[in-house]
Amino acid sequence: MAQSTTHTLPPPFNSSSTTPKPPLITQGAEALLYKTTYLTPSTPIALKHRPKKSYRHPTLDTRLTKARILAEARVLVKCKREGVVVPAVLGADWEEGWLACEWIEGKTIRAALDGYLKRDVGEEADLRGEGVRGLMGRIGVVLAKLHGIGVVHGDLTTSNLMVRQLEREGDGLESLSLGENREKGLEGEVVIIDFGLATQSVQDEDRAVDLYVLERAFGSTHPQAEGLFEEVLRVYGESYKGAKVVLRRLEDVRLRGRKKSMIG
Amino acid sequence: MIALGLEGSANKLGIGLISHPAQGKPPIILANLRHTYHAPPGSGFLPKETAKHHRSWIVRLVKQTLQQTGITPSQISCICYTKGPGMGAPLQSVAVAARTIALLWGLEDKLIGVNHCVGHIEMGRAITRASNPVVLYVSGGNTQVIAYSHYRYRIFGEALDIAIGNCLDRFARALNIPNDPAPGYNIEQLAKGGKELVDLPYAVKGMDCSFSGILAWVEGLADRLASDENDSRADRLKTEEGKVVTPADLCFSLQETVFAMLVEITERAMAHVGAEQVLIVGGVGCNERLQQMMGLMARERGGSVYATDERFCIDNGIMIAQAGLLAYGTGVRGTVEDSETTQRFRTDEVYIGWRERDG
Ligand SMILES: Nc1ncnc2c1ncn2[C@@H]1O[C@H](COP(=O)(O)OP(=O)(O)O)[C@@H](O)[C@H]1O
Ligand SMILES: [Mg+2]
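Everything quoted here is computed from the prediction, not taken from an experiment.

Draft legend 1. Quick peek at the layout of surface pockets. As a volume, the second largest pocket reaches approximately 880 Å³. Forming the boundary of the second largest pocket are 39 residues, of which Thr26, Leu33, Thr108, Ser159 and Ile193 of chain A lie nearest the centre. At the level of elements, strand 1 (24-27), strand 2 (32-38), strand 3 (40-49), helix 1 (58-81), strand 5 (98-102), strand 6 (106-108) and helix 2 (109-118) of chain A together with helix 7 (247-273) of chain B are the ones that each hand at least two residues to the lining of the second largest pocket. Viewed by domain, the lining of the second largest pocket spans two of them, domain 1 (24-102) and domain 2 (106-259) of chain A, each represented by three or more residues.

Draft legend 2. Expanded view of the site of ligand 1. Residue and element names in this part refer to chain A. In the neighbourhood of ligand 1, 19 residues make up the surrounding shell, with Glu30, Ala31, Lys48, Ile104 and Asp194 lying closest. One of the backbone nitrogen or oxygen atoms of Ala29 is found 2.9 Å away from an oxygen atom of ligand 1. Alone, ligand 1 offers 550 Å² of accessible surface; in the complex the protein occludes 91% of this. Taken atom by atom, the bulk of ligand 1 overlaps the second largest pocket. Going through the elements one at a time, strand 3 and strand 5 are the ones with two or more residues in the shell around ligand 1. When residues of the shell around ligand 1 are sorted by domain, at least three fall in each of domain 1 (24-102) and domain 2 (106-259).

Draft legend 3. Representation of unusual backbone geometry within the structure. A cis geometry characterises the amide bond from Gly84 of chain B onward to Pro85 of chain B, with omega recorded as -10°. Structurally, Pro85 of chain B is set in the loop between strand 4 (78-84) and helix 2 (88-104). In the segment running from Asp180 of chain B into Pro181 of chain B, the intervening peptide bond is cis, with an omega of 0°. One can find Pro181 of chain B in the loop between helix 4 (164-174) and helix 5 (183-191). Positive phi values are uncommon outside glycine, yet Leu39 of chain A reaches one of about 65°. Relative to the helices and strands, Leu39 of chain A resides in the loop between strand 2 and strand 3.

Draft legend 4. Looking closely at the domain arrangement of chain A. All names here are of chain A. In terms of domains, chain A is made up of domain 1 (24-102) and domain 2 (106-259). At the junction of the two partners, domain 1 supplies 16 residues and domain 2 supplies 17 residues. Seen at the junction of domain 1 and domain 2, the total is two salt bridges. Its salt-bridge partner being Arg164, residue Glu102 comes within 3.2 Å of it at the nearest N-O pair. Here domain 1 and domain 2 share five residue pairs in polar contact (both at pLDDT 80 or more) between them. The element best represented in the side of domain 1 that touches domain 2 is helix 1, accounting for seven residues. Looking at side-chain class alone, the side of domain 1 that touches domain 2 contains eight nonpolar, one polar and seven charged residues.

Draft legend 5. Region of the structure containing the coordination of the magnesium ion (ligand 2). Residue and element names in this part refer to chain A. At 2.1 Å from the magnesium ion (ligand 2) lie its protein donor atoms, namely Asn160 (OD1) and Asp194 (OD). One end of the pair, Asn160, is in the loop between strand 7 (151-152) and strand 8 (161-164); the other, Asp194, is in the loop between strand 9 (189-192) and strand 10 (199-200), with 34 residues separating them in the sequence. In this structure, Asn160 and Asp194 share a single accessibility class: buried.

Draft legend 6. View of the pattern of salt bridges. Inspection of every chain in the model, using the stated rule, returns 41 salt bridges over all chains. Ionic pairing is found between Asp208 of chain B and Arg216 of chain A, a salt bridge with its closest N-O pair at 2.9 Å. Residue Asp208 of chain B is found in strand 10 (residues 208-209), and its partner Arg216 of chain A is found in helix 5 (residues 204-221); the two belong to separate chains. We classify Asp208 of chain B as buried; its relative accessible area is 2%. Residue Glu267 of chain B pairs with Arg301 of chain B through a salt bridge whose shortest N-O separation is 2.8 Å. One end of the pair, Glu267 of chain B, is in helix 7; the other, Arg301 of chain B, is in the loop between helix 8 (288-300) and strand 12 (304-307), and 34 residues separate them in sequence. Judged by its relative accessible area of 3%, Glu267 of chain B falls in the buried class. Judged by relative accessible area, Arg301 of chain B falls into the buried class, the value being 3%.

Draft legend 7. Region of interest: the interface of chain B and chain A. Listed by partner, the interface residues are 56 residues for chain B and 41 residues for chain A. Surface buried jointly by chain B and chain A totals about 4,100 Å² across both partners, of which 49% is contributed by carbon and sulfur atoms. Of all residues in chain B, the largest losses of buried area upon contact with chain A belong to Arg268, His272 and Glu300 of chain B, amounting jointly to 17% of the total for that side. Scanning the region where chain B abuts chain A turns up eight salt bridges. In this structure, Glu264 of chain B and Arg56 of chain A form a salt bridge, with 4.0 Å as the shortest nitrogen-oxygen distance.

The rules behind the values
Residues numbered from 1 in each chain as written. Chains lettered and ligands numbered in written order. Predicted model: local features only at pLDDT ≥ 70, side-chain atom pairs only at ≥ 80, totals over all residues. Heavy atoms only, no water. 1 Å grid on protein atoms, 1.4 Å probe; cavity = no way out; pocket = protein on both sides within 12 Å on 5 of 7 lines; lining within 4 Å. Points joined across faces, edges and corners; volume = space filled by probe spheres on them. Helix = DSSP H or I, 4+ residues; strand = E, 2+ residues; numbered from the N terminus. Domains from an automatic or database assignment. Near = heavy atom within 4 Å. Polar contact = N/O pair within 3.5 Å; in protein donor to acceptor, adjacent residues only side chain to side chain. Areas by Shrake-Rupley, 256 points an atom, 1.4 Å probe, with all protein chains shown as cover. Sits in = over half its atoms within 2 Å of the grid points. Contact = heavy atoms within 4.5 Å. Salt bridge = Lys/Arg side-chain N within 4 Å of Asp/Glu carboxyl O. Nonpolar A, V, L, I, M, F, W, Y, C, P; charged D, E, K, R; others polar. Donors = N, O, S within 2.8 Å, 3.2 Å for Na, K, Ca; no water. Buried < 20%, exposed > 50% of the residue type's maximum accessible area, 1.4 Å probe, protein only. Buried area = accessible area lost by both parts, 1.4 Å probe.

Set out below in structure tokens:
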């Protein structure tokens, strides 16, 4: 998805004329994501640049960019301190619109699931397989941890959850059978990213809406895997005090969503 | 194949006649007639009066459609009507007309109930040739971000409380902006004279958004607006820089804020599904500022925006004929007996049998 459109890096990342411009990895929902180094040449980082959006009034644009970079930095620090797996934050500048954090070697859950569901066997992929259920369970655990420390993400989708993969590419994957290979893509620690819309809250309602947003993202992005989300919720429900109440609240939220009148 | 489409889920009564020539050829629009019920100034349209309007106009419009095109009932393959979502009484009054026509023309087993939202999407796709866009559907009763996958139009995001069109209508009422030709159109014209940006509540949650905060804010402060830039009364509303706020400034600020929210949630969906096209449908989609903002966003992503003009983005009969005929082409049939209507009918309930699985 990296565009040919020329994007300029924010300072200080635009200064060095000796090293080549770091590669644009992806264009997210709001930000351009570059892989580069920071502080030391051997520390790979994810540089998240929120360029000015020309469609937005400049005053509104400045206000939103500042609020989101601050929210993201604050929540990343809090999560790290309290043991929720997130990338470590290394620096940020809301005037220039960037935030630098630890590079996560791996892929998004969206990509991992797509790979699992589509590769070779198409829709035949086994949704009861241990690998995929294990992954769902690990998502349930990290979400429970996140909510448990009083943070609500605000934008949970399968693009904002990653699996960290420890092996480097080509680590004997070729020698594995097809089935083992497929399962491999699902292994690894689940890391939560993209906290620009995060808030601090312990309200059941906010937590339930957080889950509802992810549930819908699951259903609409991976319709063949809709049933998998139950496993996320099952494990979530067992993972912290108060989770059961949130799950009951989720039922209300769903009902509200479905009942909403939709007049043409 | 030719289809007659009847739409009346809100205050517009629309009659359309469409022809699908051979496979792969674009549809031909034979007729697209509309008559709008305008509520008296200061109020919204109510079900009873709206249904009465539709009942009193529908025979005239259908007759006019046939006269104008020279098409005879024997050339028509199916009758398509809006099944929902929408206001109960207006929907029913049009469904009664659809059944009557079907019986009169010997098409009582070729009556197709169409989802209004799917009608908008299919018409937008047919007119703009956008093949697999993320769709922003914005109208009086709906605010949805939609993308196609596996035979359904899936809802990725929506307004959590009131719809954007409803927000604009009620905003217009709070400021005594007239309903004719449309409240949203009048806000758009007024906004062109606005300069000062007022800090309004901005509410985006993932791919969802909310407008009730803005509306409450505006309704509470409407009577403190300045009559013009030189209004020096002490209790007037002021921006952070100390400038007085005129109705034009507020229209401008409203558009800049709510449209930024809509563009943002659309961009989130595009990033998430990896789409480069975006299609805007529904009545609010006529707004040129919204189209412009969406275009800027799409360009920054290396993509493009598709929109239609008021003939197609405002409720019409041709879109119902278009979606109905697509379904008819896949073998969908309906009878007078099961031709009910429903006020609630989600976009993702419809099986989209006329598209390939992956788009
Ligand atoms: N720390 C990271 N390490 C590696 N890749 C990342 C990291 N953070 C984000 N990404 C990738 O970049 C994408 C966009 O980043 P994200 O923070 O979600 O920004 P946006 O708000 O634009 O969605 C993610 O979906 C993911 O693929
Ligand atoms: Mg993201």
